[in-house]
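Examination of the molecular architecture
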Amino acid sequence: MADATESQSRALLGRLRDTLAEEGAGQARLDRITHLIADSMETEVCSIYLFRDEDTLELCATEGLKPEAVHKTRLRIGEGLVGRVAKTKRPVNTEDAPSERGFRYMPETGEEIYSSFLGLPIQRLGETLGVLVVQSKDKRSFSEDEIYALEVVAMVLAEMAELGAFVGEGAALAAPHQRPELIRGGVGQEGTAEGHVWLHEPRVVVTNMVADDPVAELKRLQEATDRLRISVDEMLARVDPTDKDQRDVLEAYRMFANSRGWMKRIEEDIARGLSAEAAVEKEQSVARSRMQTVPDAYLRERLHDLDDLSNRLLRILSGQGRDTGAEMPADPILVARNIGPGELLEYGRKLRGIVLEEGSVGSHAAIVARALAIPLIIHAERITTEALNGDLIMVDGDQGIVHLRPGENVVTAFRDKMAMMAKAQERYVSLRDKPAQGKCGTVIALHMNAGLMADLPSLESSGAEGVGLFRTELQFLIRNKMPRRGELVEIYARVMDAAKGKRVAFRTLDIGSDKVLPYMKPTDEPNPALGWRAIRVGLDKPGVMRMQLQALIRAAKGRPLTVMFPFIAQFDEYREARAHLDRELQREASLGHALPESVSVGAMLETPSLAFAPRKFFEETDFISIGGNDLKQFFFAADRENERVRRRYDTLNVSFLTFIESIVGRCAETQTHLSFCGEDAGRPIEALCFAAMGLRTLSMRPASIGPVKNLIRRVNLIEAKEVIQTARDSGQQSVRPAIMEWLASQPA
Ligand code: PEP
Ligand code: MG
């Protein structure tokens, strides 16, 4: 019996393929398809409903219902049986449709005379494009085999590129992958960009949906899956046995690659006439639509793994690698599920923007994007399935919004915004060589944060007075093995050369927590942010830190050297770290190497405890730099990586500002130089308030120097301090409203 329906289904697919290949107007072709399906399924009716916009379906072709209803009959998602199929993405199969819950009678179609109803979603890669329906007068329940056959037909229909063009005149939206989409994500790096989509991992384009020879297709599938299994086993053999995360993913791959259930469904699809590629894509589509509804994060991850595995299998089957022959547009905006820092660096400054489906604020990709000053959106759901190579895309990194294939109005508004920003940028450039001096005469020193070679040109272009924070770990993070001392000497020397005598504060390795080196044994800690990280690792296992200190001394070679230690929580940690540096200086001297002209040693204040250290600590350190990102997370006990809480507490909260003020006071007592180098230093309003509280040096990403300088030059910092004081005295929780109101009254 199954064999009979299989060959019937193959015959239908063959006829369908011929029809698709015919020349002719779209509507006539779609009409012919409904005729073919009704004929083959032995039903009086076959209809195709397609999405006209996000929640309306339109009857686009029918065999059996009244032709006048075509392009007239419309249903909302969830409405009637057709709407139910679209909403649940599951088939509805009933022998008595009129008595079915939710049945909606549409007189213009004349459908009341039909009793049996089978409706299926038309899906492509998890996206529902419409609904395919067959109906008949006699009471019949469609068999599993018939449902399956119709599913295969729906799959082929979904692949018709011009499907959306069938939606009637005046339709608000065109076909999927043609209509505009607004996707909200998170901010990874501010800035706006317009360009065209460049998919990091382009989807394989399946062109041969239908195949005549299932035996040959099954053989191709077998060969491809054998290769897939071997490649997964090889990947598993290569992975570090202690790298649990990677092992988990690969074990999941292996499980799916050997899963009989998955394979069996693909084989059945082939038996019904799909090509091996189309069959794999069909099962991928089913998994994707499930992915959207599974609430369990672990299961969703596994479905993601299955999706990746399907992509691999498709690549093997089709012979299409990453290079699908598409040409990178001149203004590429990279779209990817996720990307490693090395791969991102390979693209370099060519990219106008980056949109990731996953990613996180502290991810290595985000760090690189920041260094390259490329706007980055993270957590942009569905972007890799929605976007096609070459689509127009606008990235609003300030709001975390992606406009994919935007309409005319959005394009105009977005370009206006970009023009305004470009104007502001011109103004910032004109300020490059002017000081950040408030109306009161106070001058604030503005430095930049860096960590990659890609940052160095900004030292010149931004007008930064120096590098207030050089995150040395970035050089370690972007490699897949530990850099050698000689390499580090070379890197640090190049940084100092580029700085041309400007001060560069090299921060020793700050790893652990969110910064995990791919080649170091991961530690399983319940609370990594509070765990074995930064200076704690440096002091407990000093080998790497000492190698780094040696490299810095050698790179300085007669020039001044500035070193700071991260995450110092108590005086002793600073003393111990400094003793390591002193020992290395002595060692280098005894080896006859040239020593730095001078050595300035500082500590990063990133835990509240250090603000209360003994006076002697403040006397002994040459400078202190507030690492506001960490300090704030510990001050408010709010994880900087946790989207749920990370914006909960305002930096301009009076408690935090008062705390900053007290650190300024302690440093003033001992005349210890103080700076602030967390992300907040680059936000103009925050920077202004820090300056008002007495900070005189701020270090920030290079792109922020212009906007911060511009604001500081507009205002009187003494007045700003008075506004803060008044807000604080009146019991405000945050001084932001008061400062904003005051700023609005200031001359532009
Ligand atoms: C900070 O914590 O503010 C800081 C500058 O260090 P990082 O962001 O690298 O932890
Ligand atoms: Mg920090």
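Starting afresh in each chain, residues are numbered from 1 along the sequence in its written order. Think of it this way: whatever chain is written first is A, whatever ligand is written first is 1, and the rest follow in order. Selection of residues for local features in this predicted model requires a pLDDT of at least 70, selection of side-chain atom pairs for listing and counting requires 80 or more, and totals for whole chains, interfaces and linings are taken over all residues. To obtain the side-chain values, all non-hydrogen atoms of the structure were used and water was disregarded.

1. A few points about the coordination of the magnesium ion (ligand 2)
Coordination of the magnesium ion (ligand 2) by the protein involves Glu606 (OE) and Asp630 (OD), with metal-donor separations of 2.0 to 2.1 Å. With glutamate 606 in the loop between β20 (599-605) and α20 (608-611) and aspartate 630 in helix α22 (residues 628-635), this pair connects stretches of sequence that are 24 residues apart. In terms of burial, glutamate 606 and aspartate 630 fall into one category: buried. Only N, O and S atoms count as donors, using a 2.8 Å limit from the metal and a wider 3.2 Å limit for Na, K and Ca, and since water is excluded some coordination spheres may look unfilled. Helix and strand assignments come from DSSP, with helices taken as H or I runs of at least 4 residues and strands as E runs of at least 2, each series counted from the N terminus. Exposure classes here rest on a 1.4 Å probe applied to the protein chains alone. A residue is buried below 20% of its type maximum, exposed above 50%, and partly exposed in between.

2. Remarks on the environment of arginine 349
Assignment of secondary structure puts arginine 349 in the loop between α10 (341-347) and β11 (353-356). Each C-alpha atom of the pair arginine 349 and isoleucine 374 lies 7.7 Å from the other, and the pair is 25 residues apart in sequence. The contact criterion used throughout is that any non-hydrogen atoms of two residues lie within 4.5 Å. Among all residues touching arginine 349, those that are not within four sequence positions of it are Ala371, Leu372, Ala454, Asp455 and Pro457.

3. Quick word on unusual backbone geometry
We note that lysine 500 has phi near 45°; this positive angle belongs to a residue other than glycine. Along the chain, lysine 500 turns up in the loop between α16 (485-499) and β18 (503-507). Not every positive phi belongs to a glycine, and alanine 637 is a case in point at roughly 50°. Inspection of the secondary structure puts alanine 637 in the loop between α22 and α23 (654-670).

4. Description of α22
For an α-helix, the turn length of 3.6 residues means that residues three or four places apart are oriented alike. Along α22, seven of the eight residues are buried, which leaves the element largely enclosed by surrounding structure. Taken residue by residue, α22 has Gly628, Asn629, Asp630, Leu631, Lys632, Gln633 and Phe634 as its buried positions.

5. With respect to the sheet that holds strand β12 (residues 376-378)
Here we have eight strands laid out as an open sheet, ordered β7-β14-β13-β9-β10-β11-β12-β8, and mixed in their pairing. Every other strand in the sheet has two partners, leaving β7 (181-184) and β8 (186-189) as the edge strands with one partner each. The average undirected angle you get between the axes of adjacent strands in this sheet is 30°. Relative to strand β14 (residues 401-404), strand β13 (residues 392-396) is paired through four bridges, and the arrangement is antiparallel. Its bridge partner lying in β14, aspartate 396 is registered against isoleucine 401. Strands are labelled as partners when DSSP assigns at least two bridges between them. An axis is simply a line fitted to the C-alpha atoms; with a helix, the fit covers only the stretch in contact. Between two such axes, the angle follows the N-to-C directions and lies from 0 to 180 degrees.

6. Some thoughts on the sheet that holds strand β1 (residues 45-53)
Strand order across the open sheet formed by six strands is β3-β2-β1-β6-β5-β4, with antiparallel pairing between neighbours. The open sheet has two free edges, formed respectively by β3 (74-76) and β4 (92-94), since each of these has just one partner strand. Going from strand to strand, the sheet's axes swing by 25° on average, the running direction of each strand aside. Helix α4 (residues 144-158) contacts β1, β4, β5 (116-124) and β6 (127-136) of the sheet and is inclined by roughly 40° relative to β5.

7. Some points on the pairing of β20
Within β20, five of the seven residues are buried, which leaves it mostly tucked inside the rest of the structure. Sheet topology note: the strand β19 (residues 561-568)/β20 ladder contains six bridges and is parallel. Each residue of the ladder has a partner; that of valine 563, found in β20, is valine 601. Handedness of the β-α-β unit built from β19, helix α19 (residues 571-590) and β20 comes out right-handed. Taken together, the four bridges between β20 and strand β21 (residues 623-626) define a ladder with parallel strand orientation. The residue bridging glycine 602 from the neighbouring strand is phenylalanine 623, located in β21. Convention used here: a crossover is right-handed provided that the path from the first strand, over the helix, to the second strand proceeds clockwise when the strands point away from the viewer.

8. Section: the domain arrangement of the chain
Each domain's limits were defined by an automated method or a database of domain assignments. Annotation of the chain at the domain level lists domain 1 (2-162), domain 2 (181-200 + 328-414), domain 3 (214-318) and domain 4 (434-716). Taking only C-alpha atoms, the centre of domain 3 and the centre of domain 4 are 45 Å apart.

9. Considering the site of ligand 1
In the neighbourhood of ligand 1, 14 residues make up the surrounding shell, with Arg507, Lys515, Glu606, Asn629 and Arg640 lying closest. Glutamate 606 places a side-chain nitrogen or oxygen 2.8 Å from an oxygen atom of ligand 1. Arginine 640 places a polar side-chain atom, nitrogen or oxygen, 2.8 Å from an oxygen atom of ligand 1. In isolation ligand 1 offers 290 Å² of accessible surface; the protein chains occlude 98% of this area. At the level of elements, β17 (466-471) and α22 are the ones that each hand at least two residues to the shell around ligand 1. If you tally residues by element for the shell around ligand 1, the top one is α22, at three residues. Three classes are used: nonpolar for Ala, Val, Leu, Ile, Met, Phe, Trp, Tyr, Cys and Pro, charged for Asp, Glu, Lys and Arg, and polar for all others, with Gly counted as polar. When its residues are assigned to classes, the shell around ligand 1 shows three nonpolar, four polar and seven charged. Nearness of a residue to a molecule or strand requires only that one of the residue's heavy atoms be within 4 Å of it. The term polar contact refers here to a pair of N or O atoms within 3.5 Å; inside protein, the definition further demands a hydrogen-donor-capable atom paired with an acceptor-capable atom, and it admits residues adjacent in sequence only when both atoms are side-chain atoms. Values of accessible area rely on a 1.4 Å probe in the Shrake-Rupley scheme; residue burial ignores everything except the protein chains shown.

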